[in-house]
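Letter by letter, the chains look like this.
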Amino acid sequence: KFRMRPGEELKDGPPIHGHTGLEILWTAVPAVLVTAIGIFSAIVLARNGDVGPRPLEVQAIGQQFAWKFAYSDFADAEGEPVTTGQLVLPLGRQARFTMTAVDVIHSFWVPNFGQKMDAVPGIETEILVTPNRMGDFAVVCTELCGLGHATMRAKASVVSPQDFEAWIEEQQ
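Residue numbers run consecutively from 1 along every chain, following the written order of its sequence. Whole-chain, interface and lining totals are the exception, using all residues; otherwise, since this is a predicted model, local features are given only for residues with pLDDT of at least 70 and side-chain atom pairs are given and counted only at 80 or more. Values reported for side chains reflect all heavy atoms of the structure, with hydrogen atoms and water molecules removed beforehand.

Q: Can you help me understand the pairing of strand 6 (residues 106-110) in this one?
A: Strand 6 sits mainly inside the fold: four of its five residues count as buried. Pairing between strands is defined by DSSP: at least two bridges between the two strands are required. Numbering of helices and strands runs from the N terminus; a helix is a DSSP stretch of H or I covering at least four residues, while a strand is a stretch of E covering at least two. In this structure, strand 6 lies alongside strand 7 (residues 115-119), joined through five bridges in antiparallel fashion. Residue pairing for strand 7: Val-110 is matched across the bridge by Gln-115. Linkage of strand 6 to strand 7, two consecutive antiparallel strands, is achieved through a turn of four residues, within which Gly-114 is found at a positive phi near 75 degrees. Pairing analysis gives two bridges linking strand 6 to strand 9 (residues 135-141), with the strands arranged antiparallel. From the neighbouring strand, Trp-109 faces strand 9, where its bridge partner is Val-140. Relative accessibility decides the category of a residue: with a 1.4 Å probe and only protein chains considered, values under 20% of the type maximum give buried, values over 50% give exposed, and everything between is partly exposed.

Here is the structure:
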């Protein structure tokens, strides 16, 4: 019933078979584009791990239902790393966050920094952040971690390098 009757193929024009130039073109153009995007992505990913000269080392520790931040580059009066419930970073200095969790999986996220990473018990994960705007921002846990998950918030402050040094001296 649905077969083409004799002479009907002339309505749509003759079929084109074997146009080698066109086939090469529509195979080569996507291949070149995919290769170029792959090379560009490999270069960007390789640079993502470049921490630059002496980043600020911050350990973000998640525990139901609070964040704790330890600055391993700075020691308090007892010789322990400066530890606080508020994240303070100097403007323009790269920070390497090493995340871990005490009890369950948490997810460290400062929306204004644009990076998010899980904090998993027994595993250390890392992200690199370079704050480029001063202000106060929210630190949020984005992994459902228990009944108090909605209260697992902290404050991140990006301050001038001079204010950061003064803050560290105050914490020590």
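Alright, that's what it looks like, and here's the rest.
Q: It is not clear to me how the sheet that holds strand 5 (residues 95-101) should be interpreted in this structure. Could you clarify?
A: Strand pairing in a sheet relies on backbone hydrogen bonds. The paired strands run either parallel or antiparallel. With respect to topology, five strands assemble into an open sheet ordered 3-2-1-5-8, the strand pairing being mixed. The open sheet has two edge strands with one neighbour each: strand 3 (81-84) and strand 8 (125-129). Averaged over all neighbouring strand pairs, the angle between strand axes comes to 25 degrees, with direction disregarded. Relative to strand 3, strand 2 (residues 66-75) runs antiparallel, the two sharing four bridges. Each residue of the ladder has a partner; that of Tyr-71, found in strand 3, is Val-82. In this description, a line fitted to the C-alpha atoms serves as the axis of each element, helices being fitted only across the stretch in contact, and the angle between N-to-C directions of two axes falls anywhere from 0 to 180 degrees.

Q: What am I meant to see in the sheet that holds strand 10 (residues 153-159) here?
A: The sheet built from five strands is open, its strands ordered 4-10-9-6-7 with mixed pairing. Strands at the two margins of the open sheet, each flanked by one partner only, are strand 4 (87-90) and strand 7. On average, each strand axis in the sheet is tilted by 25 degrees relative to the strand beside it, whichever way the strands run. Across six bridges, strand 9 lies against strand 10 in antiparallel orientation. Bridge assignment links Asp-136 to a residue of strand 10, and that residue is Ser-157. Any two residues whose heavy atoms approach within 4.5 Å at even a single point are treated as in contact. Sheet contacts for helix 2 (residues 161-171): strand 4 and strand 10; angle to strand 4, the most-contacted strand, approximately 135 degrees.

Q: Sorry if this is basic, but what is going on with the nonpolar core here?
A: Phe-69, Tyr-71, Leu-87, Phe-97 and Phe-108 are the most contacted members of the largest nonpolar core, which totals 33 residues. Excluding its chain neighbours within four sequence positions, the residues that come into contact with Tyr-71 are Leu-56, Glu-57, Val-58, Pro-81, Val-82, Thr-84, Gln-86, Leu-87, Val-88, Phe-164, Trp-167 and Ile-168. Put simply, buried Ala, Val, Leu, Ile, Met, Phe, Trp, Tyr and Cys residues joined by side-chain atoms within 4.5 Å make one nonpolar core.

Q: Looking at this model, I keep getting lost on helix 2. Mind explaining?
A: Along an α-helix, residues three or four apart share an orientation, since each turn contains 3.6 residues. Among the residues making up helix 2, those that are buried are Phe-164, Trp-167 and Ile-168. The arc enclosing the buried residues of helix 2, seen along the axis, measures out at 100 degrees, which places them on a common side. Among the exposed residues of helix 2, those pointing more than 90 degrees away from its buried face are Gln-162, Glu-169 and Glu-170. In this structure, the buried side of helix 2 is in contact with strand 1 (56-63), strand 2, strand 3, strand 4 and strand 10. Starting at the helix axis, one direction is taken to each C-beta atom, and the arc is that of these directions.

Q: I keep staring at a nonpolar patch on the surface and nothing clicks. Help me out?
A: Each patch is built from salt-bridge-free residues with over 30% relative accessible area, joining like charges within 9 Å and nonpolar side chains (Val, Leu, Ile, Met, Phe, Trp, Tyr) within 5 Å. Each accessible area value is a Shrake-Rupley result obtained with a 1.4 Å probe; residue values ignore everything except the protein chains displayed when judging cover. One side-chain nitrogen of Lys or Arg within 4 Å of one carboxyl oxygen of Asp or Glu is enough to make a salt bridge. A contiguous nonpolar patch, built from Leu-22, Leu-25, Trp-26, Val-29 and Leu-33 and spanning about 510 Å² of accessible area, is present on the exposed surface. By secondary structure assignment, the location of Leu-33 is in helix 1 (residues 20-48).

Q: What is the right way to look at the packing of aromatic side chains in this model?
A: Aromatic rings in a pair are described by how distant their centres are and how their planes are angled relative to each other. Any two rings among Phe, Tyr and Trp, with Trp reduced to its six-membered ring, count as a pair given centres within 6.5 Å; such a pair is stacked if its planes are under 30 degrees apart, edge-to-face if over 60, and tilted if neither. Evaluation of the coordinates by the stated rule reveals eight aromatic pairs. Seen in terms of ring centroids, Phe-74 and Phe-164 are 6.0 Å apart; in terms of plane orientation they differ by 70 degrees. Their pairing is edge-to-face. Of the two residues, Phe-74 sits in strand 2 while Phe-164 sits in helix 2, which places them 90 residues apart along the sequence. Taken individually, Phe-74 and Phe-164 each receive the classification buried, so the pair is uniform in this respect. Linked through ring pairs, Trp-67, Phe-69, Phe-97 and Phe-108 together constitute an aromatic cluster. Looking at Lys-116, its charged tip hangs above the ring of Trp-109, at a distance of 5.7 Å from the centre. By definition here, charges over rings are those cases where NZ of Lys or CZ of Arg is within 6 Å of the ring centre and within 35 degrees of the ring normal.

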